[in-house]
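Residue-level structure breakdown
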Amino acid sequence: MLTTIVLAAIVAAAAAPVAGLLGHRQLRRAANAKRLRITTTNGIDESGFIRIGGIDQWISIRGDDLRNPVIVEVHGGPGASNLVFAPRTRGWEKHFTIVRWDMRGAGKTFGRTAPDGQGEMSLERWYRDALEVTEHVRARLGVEKVLLVANSFGTVVGLRLARNHPQLYSGYVGADQNINAGGHNHSAYNALVSRLQQAGKRKELATVTDMGADKSAWSAEQLAEYNRLVVTTDPLTYDTIKTVVIRSLWFSPLHTLGELRTYFKGMTFSERFAPEAVTIDEWTEGTAFDIPLFIFQGDQDALTPPEPAKRFFDDVTAPVKHFALIEGASHFASFRHPDQFLDLMLTKVRPTLTAPPTHR
């Protein structure tokens, strides 16, 4: 959903002398690569393609101590791999073993075989893939359960996994939590209309009002345009795109320039499948969970506002549950303020993970 915005910002940055731009990128990537080194005797740093759902999918496993709880991430987008944020979240790996998976249609998985090799693209297929990834991780690391952490679009899949498979997951953490109500949650839409009215953007306002407030009736193109307008009209969200997302992409030591181009192509390819998620009603899907549930939301999130997430949270029954706002954050809250997120993980989530990993 952010492909056009990200590309436009990078093109603007490229107006600087190319040699200087690439030289600065090389220095920053080298520093980030050094930061990512894991030298502890009981640490792990491995990555590669694993056969998941009939295709090769990229999985990275990193952490300073294999005795720590294991996190399986479900990234957003669709098509927006979290792997680029590894240097920003290096501190998390001192306390958790983090599994990052490029879902079909995203990142290195998309680059492996391009569009024709991605196979079925649907919520159900991503859901089944996530179960296979979970089973692979349990077998590889010898743990009974993993902690499920999802962000943005990935939270739609994440909630389904958490509801249906308490035997696999020790808890669920949603950041940038999407709460769909069959397309009838209009809070973010109404806020966008208000911003456009105040800014006097008549053309954009006409586009949005012509679409109507019911997201379940939108096409993929309309959803992409709506997301673009939300991001570009909200100063904090737009600043996060420029200072967190773009910088993480540009300075990633785990991606070549060619792989960055592939990253954008994957997002463009995958965004056509996003409208399926909008038709879901999370209350109909269920508010009863048999595992601890946590929602950590940006206090100023314009894309997935905290108010619907809090309403859903209030209706949830779970053995343990906690809702918290990450201050000074819009979307991508956990990556804009990784230290705040880690503090919540250590003070609210980790104490509920009473059973240490049982290595087979």
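Residues numbered from 1 in each chain as written. Predicted model: local features only at pLDDT ≥ 70, side-chain atom pairs only at ≥ 80, totals over all residues. Heavy atoms only, no water.

Another point: the pairing of strand β7 (residues 293-298). Side-chain positions along a regular strand alternate between the two faces of the sheet. Summarising burial for β7: 6 of the 6 residues are buried, a large majority. Going residue by residue along β7, you find Leu 293, Ile 295 and Gln 297 tucked away on one face and Phe 294, Phe 296 and Gly 298 tucked away on the opposite face as well. As judged from the 4 bridges shared by strand β6 (residues 169-175) and β7, these two strands associate in the parallel manner. Residue pairing across strands places Val 173 opposite Phe 294, the latter belonging to β7. As paired strands, β7 and strand β8 (residues 321-326) are joined by 6 bridges and run parallel to one another. Bridge pairing links Leu 293 to Lys 321 in β8. (Buried < 20%, exposed > 50% of the residue type's maximum accessible area, 1.4 Å probe, protein only. Helix = DSSP H or I, 4+ residues; strand = E, 2+ residues; numbered from the N terminus. Pairing = 2+ DSSP bridges.)

With that out of the way, let us pick up the packing of helix α8 (residues 220-233) against helix α9 (residues 235-250). The contact between α8 and α9 brings their axes to 5 Å, and the two run at 95°. Considered as vectors, α8 and α9 are oriented roughly perpendicular to each other. Note on element contacts: α9 touches α8 through Pro 235, Thr 237, Tyr 238 and Ile 241, opposite Val 231, Thr 232 and Thr 233. For the contact of α8 with α9, the per-class residue count stands at 4 nonpolar, 3 polar and no charged. (Axes fitted to C-alpha atoms, helices over the stretch in contact; angles between N-to-C directions. Parallel < 35°, antiparallel > 145°, perpendicular 65-115°, else oblique. Contact = heavy atoms within 4.5 Å. Nonpolar A, V, L, I, M, F, W, Y, C, P; charged D, E, K, R; others polar.)

Okay, the sheet that holds strand β4 (residues 97-102) next. With mixed pairing, 8 strands are arranged side by side in an open sheet as β1-β2-β4-β3-β5-β6-β7-β8. The sheet terminates laterally at β1 (44-52) and β8, the two strands that pair on one side only. Pairwise comparison of adjacent strand axes, ignoring direction, gives a mean angle of 20° for this sheet. Relative to the sheet, helix α13 (residues 306-315) contacts β7 and β8, its axis offset from that of β8 by approximately 170°.

Moving on, we come to unusual backbone geometry. Following Gly 77, the chain continues to Pro 78 via a peptide bond in cis, the omega torsion being 0°. By the secondary structure assignment, Pro 78 is in the loop between β3 (70-74) and β4. The phi dihedral of Ser 152 is positive, around 55°, even though this residue is not glycine. Mapped onto the secondary structure, Ser 152 falls in the loop between β5 (146-151) and α5 (154-164). A positive phi angle is found at Asp 176, which is not glycine, with a value near 55°. Tracing the backbone through its elements, the reader meets Asp 176 in the loop between β6 and α6 (187-199).

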